[in-house]
Amino acid sequence: MARELLKGNEAIAEAAIRAGLDAYFGYPITPQTELLEYLARRMPELGRAFVQAESEVAAINMVYGAACAGKRAMTSSSGPGISLMQEGLSYIAGAELPAVVVDVMRGGPGLGNIAASQSDYFQVTRSAGHGDFRPLTLAPATIQEAIDLTGLAFDLAERYRMLVILLIDGNLGQMMEPAELPPFRQHTSPTPEWAVSGAEGRPHRIITSLYLQPEALERHNLKLQKKLAVIAEREQRFAGLYLEDADLIVVAFGSAARVAQNAVEAARAQGMAVGLFRPITLSPFPMRALERLAPRARAFLVVEMNAGQMVEDVRLAVAGRAPVRFYGRLGGVEMLPDEVLQAIEQAMRDTRVTKNGARMLDAEVQR
Amino acid sequence: MIAEQPVYERPIGLTAAYTHYCPGCTHGIAHRLTAEVLEELGILGRTIGVASVGCSVFAYNYIACDFVGAAHGRAPAVATGLKRVLPDRIIFTYQGDGDLASIGLGEVLHAAARGECITVIFINNAIYGMTGGQMAPTSPAGMVTTSSPTGRDPRQTGHPVRVCELIAQMDGAAYVARRSLHNPAEIRRAKKALRAAFECQMNGRGFALVELLSTCPTNWGMTPVDALRWVEERMLPVFPLGEFKNVP
């Protein structure tokens, strides 16, 4: 396969097809609509299922239905639509169904706007619906990585019978850059032993998230939590740059990490010992690697296109062993490398003042 | 000596489980008719049911085919997902009036509009049973419920929704019928309608819905016999029986 100039939303759609997507159900919403449009053409060409649903509520429940049959099912949306899908996401989690959801984040709250944002971090990693569960969340920073993680998303979803959310923002969905698509995967897996297909020749199967007895529901919840613990043990992923000798570690995901990387490179050119830590899995959050870095770094600077959401996970990992600062832009405003560089310079200055004693005070520097 | 000749047995489509339904509730009849039809049509082993939220949430424990539980009102969307990836299987939903005609009206209307090749069994007993007897979208005017304690006043709470008449408008709907479970003659007609609705799906003709007027003696505050009479006297005038659509 050769590198081609690909648009993010379309690249994810094609990557899903090549990973063996059996069924897509979606509803138009900017900035993810190209995903729906692309699959509206491609899925019927390949004899696979495509439905433009009447709402995001219906779309996620169609995903639930197709997933009950053991098929590779996906939907995509943006914040307002993800809010509507939360009911279905919770049922998918409760029934332990594999499913992939793409959230192309836009500005909120409410109708907000259609500009790129990272303000769904809490919604996706913390509370993608009612009840105790966390979806596995993958956050690519390039279109190539989005392609690769789309394939991984289906594998993880099936391996753990788990909801996997691919979390990108409008920038990544809308931009084009060179990337290489994988070859088509053979997808002829037999019906899983838990899936419904008709009970001919075997006892009938039931897929439900209903456990009326509290003790039974507690056992079910403990099983789900055990699975999450296994996932947290095995699936933490991150990328690092200049971490070996970094005094200051910038933490950012998705397209904010691309801006942060420019700023980190500029800071390095000025002789500052700055590194970049980029979580690839937001849930499970790469706690282990950050915990290892916490005693060595003088300070952390978290950069997000929101009011400060992932910063809470960074603080949990760092656990007070170093100051954690935050820099963010809100409402879909594009942050520029210069702004991040200024935040880096400020953090470095503040850190030097107290470098031989207690580390600097944890003051917020959000503009 | 004459050997015993069974004249009435549990159909293979029903499990041996005792149901949780109240005495006099007609869910049991609707379940049995469904199981008999699936057995008689020879499709039990390739049928997947979609249970809804309400009293029939445990339908999957009683009807012996593969089953999935759907969120409140979303059964037609779940059935759509199933049917699109398993087009050679028979998919049906089993929904009550709160589930289908209130919170799930959008899903059922659009499934009908798309002509999804599924069968919807709609139990209309004019009340929310599971939550203890609140006003339903199909409660007739004047009906006393826990959320219309002085009787449903159409000026305040509107009018009952006639689902069959609504669905029959959809070009994608191929078979739409309303039957009742209040006496043996109507029960036999109800079975015929269910059979027609599953045959409609087997022949790939499109969306099929059968509404079954049903009782809820517990929440209506009546004896089972009075409840059957109430269906005849109070529900039939609002919900006329008949075949609203049968596209060949």
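From a predicted model like this one, the values you see are computed outputs, not experimental measurements. (Residues numbered from 1 in each chain as written. Chains lettered and ligands numbered in written order. Predicted model: local features only at pLDDT ≥ 70, side-chain atom pairs only at ≥ 80, totals over all residues. Heavy atoms only, no water.)

Draft legend 1. Broad picture of the sheet that holds strand E15 (residues 324–328) of chain A. Residue and element names in this part refer to chain A. Spatial ordering of the open sheet is given by E10-E12-E11-E14-E15, a layout of 5 strands whose pairing is mixed. Where the open sheet ends on each side, the last strands, each with one partner, are strand E10 (238–241) and E15. Recorded for the sheet is a direction-independent mean angle of 20° between the axes of neighbouring strands. The pairing of E10 with strand E12 (residues 274–279) spans 4 bridges and is classified as antiparallel. Residue phenylalanine 238 lies in a different strand from E12, and its bridge partner there is proline 279. (Pairing = 2+ DSSP bridges. Helix = DSSP H or I, 4+ residues; strand = E, 2+ residues; numbered from the N terminus. Axes fitted to C-alpha atoms, helices over the stretch in contact; angles between N-to-C directions.)

Draft legend 2. Structural view of the nonpolar core. Grouped together as the largest cluster of nonpolar side chains are 91 residues, with contacts concentrated most on A:Tyr64, A:Phe300, B:Leu82, B:Ile167, B:Phe207 and B:Leu209. Ranked by residue count, the leading element in this core is helix H3 (residues 56–68) of chain A, at 9 residues. Both domains that furnish three or more residues to this core are identified here as domain 1 (4–234) and domain 2 (238–354) of chain A. When residues no more than four places from it in sequence are discounted, the contact partners of A:Phe300 are A:Leu248, A:Ile249, A:Val251, A:Leu290, A:Leu293, A:Ala294, A:Val318, A:Ala322, A:Pro323, A:Val324 and A:Arg325. Core analysis: the next-biggest nonpolar cluster, separate from the first, contains 42 residues, A:Ile12, A:Phe50, A:Phe154 and A:Ala157 among them. (Core = buried A, V, L, I, M, F, W, Y, C linked by side-chain atoms within 4.5 Å. Buried < 20%, exposed > 50% of the residue type's maximum accessible area, 1.4 Å probe, protein only. Domains from an automatic or database assignment. Contact = heavy atoms within 4.5 Å.)

Draft legend 3. Fine view of the domain arrangement of chain A. All names here are of chain A. Domain annotation of chain A identifies domain 1 (4–234) and domain 2 (238–354). The interface of domain 1 with domain 2 comprises 32 residues on the first partner and 25 residues on the second. Taken together, both faces of the contact between domain 1 and domain 2 bury some 2300 Å²; the carbon and sulfur share is 47%. Counting across the domain 1 and domain 2 interface gives 4 salt bridges. There are 20 residue pairs in polar contact (both at pLDDT 80 or more) connecting domain 1 and domain 2. Elements supplying a minimum of two residues to the side of domain 1 that touches domain 2: helix H5 (121–125), strand E6 (136–138), helix H6 (143–160), strand E7 (163–169), helix H7 (170–174) and helix H8 (214–234). In terms of residue class, the side of domain 1 that touches domain 2 is built from 17 nonpolar, 8 polar and 7 charged. (Buried area = accessible area lost by both parts, 1.4 Å probe. Salt bridge = Lys/Arg side-chain N within 4 Å of Asp/Glu carboxyl O. Polar contact = N/O pair within 3.5 Å; in protein donor to acceptor, adjacent residues only side chain to side chain. Nonpolar A, V, L, I, M, F, W, Y, C, P; charged D, E, K, R; others polar.)

Draft legend 4. Representation of the sheet that holds strand E4 (residues 73–77) of chain A within the structure. Residues and elements named next belong to chain A. An order of E3-E2-E4-E5-E7-E6-E13 is seen for the 7 strands of this open sheet, with the pairing classed as mixed. At either margin of the open sheet sits one strand with a lone partner, and together these are strand E3 (49–52) and strand E13 (281–283). Within the sheet, the average angular offset between the axes of one strand and its neighbour, ignoring direction, is 20°. One ladder, built from 4 bridges, connects strand E2 (residues 23–26) with E3; its direction is parallel. Residue pairing for E3: glycine 26 is matched across the bridge by glutamine 52.

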